[in-house]
Amino acid sequence: MVDPEYDLIDAIARGDGDAFERLVKRYQNPLFSFIYRYLGDRQSSEDLTQEAFLRVYRAAARFEPRARVSSWIFRIAYNLVVNEIKRRRRFLTFREDATQAAAGITGSSHFGAAGIDEMKEEIAAAMAELPENQRAALLLRVDEGMSYREIGDVMGLSATGVESLIFRARRRLKDTLKRD
Amino acid sequence: MKCSEVLERISAYLDDETEPAVSGEISRHLDGCSTCRTEFERFSEVDEAVRGLPRYEVPAGFAARVVSTARESALTGPKPGLTEWAFGPLFATIEEFIRLFRPEAPHHTNALQEFGDVPSSFMGHAYFRILN
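**Examining the overall build of chain A**
Across its full length, chain A holds 9 helices and 0 strands. Overall, chain A shows an N-to-C arrangement of helices and strands of α-α-α-α-α-α-α-α-α. For chain A, buried positions account for 42% of its 180 residues.

Quick look at the structure:
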């Protein structure tokens, strides 16, 4: 089935600013949420979300409709996040990263979100401690409802590789829940 | 299907990513095996917990800001990279020097014109100049 969003990318490539705005509005929150769960701070996540959209805008003319538009956009964001994490690792230890990301996931440090029960905090902290590729695969599946093939397009993996990542992520989180 | 085989594919089964024949076998196995069924339920609970985590939203006006930045960058073009900034003048001088000996040479070749975003510091400019 042809992705109906190909037309949107075509329009952006022809310089249609309204089409670009429609695309941004459609993806801004899923993309921001995905990035925020990694970085754990709002400003960096906003900056990276904006950068992802600017790259989409600049690359629209070169887009090849081999994958879904959503996979392409998330791949751009995923690569940016991975690079940002690598950059941060030069300055932070993994533990600090994980703690910071956990704070972002639970929302307690920046948003003061109320009503997040203990179990959710546990799972949020456990999510933050997952290897990045497992976390990305699980989030793309559970939050974005992507198929294994689409996730593979985002992360540059086979469907079997994605299955393995998601399986390991769930098993680890399940063990966390079981311990409580 | 053995329990170990079912447990290996249970995550993919939950995502409806197993082949139809395998899905049928797992489904029948779960009907008769409480251990695997419990495991399946635990996996589902994990998903529910993840889905229950807060989702974050960009601030109001974010889209307008991104569109405006994109339009500005389209008007001004990409910023020069570090290499172009550092060596651009040097490469331009080399090109001028070559032009002294080949004043009739065209300024650019078709080969490079195909790539509008090639920086002026790119050695290929000098290379094509020599070729021509």
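**A word on the interface of chain A and chain B**
Contact with chain A, which involves 35 residues of that partner, is made by 27 residues of chain B. Every element with two or more residues in the side of chain A that touches chain B is listed here: α2 (17–39), α3 (42–59), α6 (118–129), α7 (132–142) and α9 (159–179) of chain A. Broken down by element, the residue count for the side of chain A that touches chain B peaks at 10 residues, all from α2 of chain A. Of the residues contributing to the side of chain A that touches chain B, the split by class is 20 nonpolar, 7 polar and 8 charged.

**Some details on the domain arrangement of chain A**
All names here are of chain A. By the assigned domains, chain A splits into domain 1 (1–91) and domain 2 (130–180). Computed from C-alpha atoms alone, the centre-to-centre distance between domain 1 and domain 2 is 20 Å. Counting residues at the interface gives 12 residues for domain 1, matched by 10 residues for domain 2. Where the side of domain 1 that touches domain 2 is concerned, the elements lending two or more residues are α2 and α4 (69–89). The element best represented in the side of domain 1 that touches domain 2 is α4, accounting for 6 residues. Of the residues assigned to the side of domain 1 that touches domain 2, the class counts are 7 nonpolar, 2 polar and 3 charged.

**Considering the nonpolar core**
Of all hydrophobic cores here, the largest spans 67 residues; its most connected members are L31, I35, I73, A77, A137, L140 and I151 of chain A. Examining the composition of this core, we find that 11 residues originate from one element, α2 of chain A, more than from any other.

**Let's talk about the packing of α7 of chain A against helix α8 (residues 148–155) of chain A**
Residues and elements named next belong to chain A. Relative to each other, α7 and α8 sit at 135°, their axes nearing to 10 Å. Put simply, α7 runs oblique to α8. In this structure, α7 crosses over α8, and the sense of that crossing is right-handed. Two secondary-structure elements touch here, α7 through N133, A136, A137, L140 and R141 and α8 through I151, V154 and M155. Its residues assigned to classes, the contact of α7 with α8 comprises 6 nonpolar, 1 polar and 1 charged.

**Quick look at unusual backbone geometry**
The backbone phi angle of D16 of chain B is positive, close to 60°, even though this residue is not glycine. You can see D16 of chain B is positioned in the loop between α1 (3–14) and α2 (20–32).

**Quick look at the confidence of the model for chain B**
Residue and element names in this part refer to chain B. Summing up the model confidence of chain B, the mean pLDDT is 78 and the portion of residues at 70 or higher is 65%. Confidence drops under a pLDDT of 50 for residues 105–116, and excluding neighbours within four residues, the segment shows 12 contacts in the predicted structure. Per the prediction output, this complex has pTM 0.72; the corresponding ipTM is 0.78.

**Notes on the packing of α1 of chain B against α2 of chain B**
Residues and elements named next belong to chain B. The geometry of α1 relative to α2 is characterised by a closest axis approach of 11 Å and an angle of 110° between their N-to-C directions. Looking at the two axes, α1 sits roughly perpendicular to α2. Here α1 runs over α2; the crossing is left-handed. Contacts between α1 and α2 involve V6, R9 and Y13 from the first element and V22, S23, I26 and H29 from the second. Here the residues of the contact of α1 with α2 sort into 4 nonpolar, 2 polar and 1 charged.

**Details of the environment of K25 of chain A**
Mapped onto the fold, K25 of chain A is located in helix α2. Classification of K25 of chain A as partly exposed rests on a count of 15 C-beta atoms within 10 Å.

**Remarks on the environment of E84 of chain A**
Residue and element names in this part refer to chain A. By secondary structure assignment, the location of E84 is in helix α4. Classification of E84 by C-beta neighbours within 10 Å gives partly exposed; the count is 18. Spatially, the C-alpha atom of E84 lies 8.8 Å from that of L48, the residues being 36 residues apart in sequence. Each residue touching E84, except ones within four places of it in the same chain, is listed here: L39 and L48.

Reading the values: the criteria
Residues numbered from 1 in each chain as written. Chains lettered and ligands numbered in written order. Predicted model: local features only at pLDDT ≥ 70, side-chain atom pairs only at ≥ 80, totals over all residues. Helix = DSSP H or I, 4+ residues; strand = E, 2+ residues; numbered from the N terminus. Buried ≥ 20, exposed ≤ 12 C-beta atoms within 10 Å, placed from the backbone. Contact = placed C-beta atoms within 7 Å. Nonpolar A, V, L, I, M, F, W, Y, C, P; charged D, E, K, R; others polar. Domains from an automatic or database assignment. Core = buried A, V, L, I, M, F, W, Y, C linked by C-beta atoms within 7 Å. Axes fitted to C-alpha atoms, helices over the stretch in contact; angles between N-to-C directions. Parallel < 35°, antiparallel > 145°, perpendicular 65-115°, else oblique. Left-handed = near helix turned anticlockwise from the far one by under 90°. pLDDT = per-residue confidence, 0-100.

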